[in-house]
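# Close look at the chain arrangement
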Amino acid sequence: MISQPILYSFRRCPYAIRARMALLYSEQPAEIVEVDLKNIPQEMLNLSPKGTVPVLVLPDNQIIEESLYIMMWALLRNDPDSWINKELTQLSNQLISENDHNFKPDLDHYKYADRFPELTLEEHQIKASQFPRKLDHLLSKNRYLLSEKLTITDIAILPFIRQFAFVDKNWFDKQDWKFLKKWLENLLASDLFIEVMKKNPK
């Protein structure tokens, strides 16, 4: 039996990033196992045949295979700054679902446009821009996506907007999304994000 949770992760994976951020914020200790996605270790596949990160293995052998479930597992144990706001649950779920199920495919098509020749790079870029534009509008009303306080919604979506921005950073910087760019800049400069992105996180 393991003494503490083990998180199978990949440093740049947006799903794994948000899981690591929640674990660190909630002070849930975990051994981080960096996975080579081209050579996934057999021990991880034995635990989670889906073969994608993140995967959290608990000391009681419970396995949590989805990043949002990992986030909720951590926050339900310790949520000092109230990332979970029950009054915003419906809006939060809707926005995270839109990110995960609509924006993420558009982001992948934009990032790997040569694999999806049915549209030009510019057309993929325009399609993927719809969600960031919506977020910029939300951020024109509040400091964070749903309120003046940071919530799970911001952390769940942050790594995907980061990935979107860096597909073509020069182009992104030229867009008139001042609220989104400020939000992104502030969160990427946070101690929490910097810590989880270290190659050997604590």
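In short, a report on the structure. (Residues numbered from 1 in each chain as written. Predicted model: local features only at pLDDT ≥ 70, side-chain atom pairs only at ≥ 80, totals over all residues. Heavy atoms only, no water.)

### Quick notes on the packing of aromatic side chains
Enumeration over the complete set of coordinates arrives at 11 aromatic pairs. Judged by centre distance (5.0 Å) and plane angle (75°), the rings of Tyr15 and Phe160 are edge-to-face. With Tyr15 in helix α1 (residues 14–25) and Phe160 in helix α7 (residues 152–167), this residue pair connects regions lying 145 residues apart in the sequence. Look at Tyr15 and you get partly exposed, because its relative accessible area is 24%. Ring geometry for Phe103 against Phe131: centres 5.1 Å apart, planes inclined by 35°, an arrangement best described as tilted. Of this pair, Phe103 sits in helix α4 (residues 89–111) while Phe131 is found in helix α6 (residues 130–139), placing the two residues 28 residues apart along the sequence. (Phe/Tyr/Trp six-rings, centres within 6.5 Å; stacked < 30°, edge-to-face > 60°. Helix = DSSP H or I, 4+ residues; strand = E, 2+ residues; numbered from the N terminus. Buried < 20%, exposed > 50% of the residue type's maximum accessible area, 1.4 Å probe, protein only.)

### What about the pairing of strand β2 (residues 31–34)?
As paired elements, strand β1 (residues 6–9) and β2 share 4 bridges and run parallel to each other. Looking across to β2, one finds that Leu7 is bridged to Ile32. Read as a crossover between parallel neighbours, the route from β1 over α1 to β2 is right-handed. (Pairing = 2+ DSSP bridges. Right-handed = clockwise from strand over helix to strand, strands pointing away.)

### Let's talk about α4
Where α4 bends most, the angle comes to about 40°, and this point is Phe103, followed within four residues by the proline Pro105. Looking at the buried side of α4, the elements it contacts are α1, α3 (67–75), α5 (121–128), α6, α7 and α8 (169–174). (Bend = angle between axes of the 7 residues up to and from the residue. Contact = heavy atoms within 4.5 Å.)

### Re α1
Between the first and last C-alpha of α1 there are 16 Å, a value that for 12 residues agrees with the 16 Å anticipated at 1.5 Å per step. Summarising burial for α1: 10 of the 12 residues are buried, a large majority. Taken together, the buried positions of α1 are Pro14, Ala16, Ile17, Arg18, Ala19, Arg20, Met21, Ala22, Leu23 and Tyr25. Directly beyond the C-terminal end of α1, a positive phi value near 60° is found at Glu27. (Expected span 1.5 Å × (residues − 1).)

No statement about biological role is implied by the geometric values presented.
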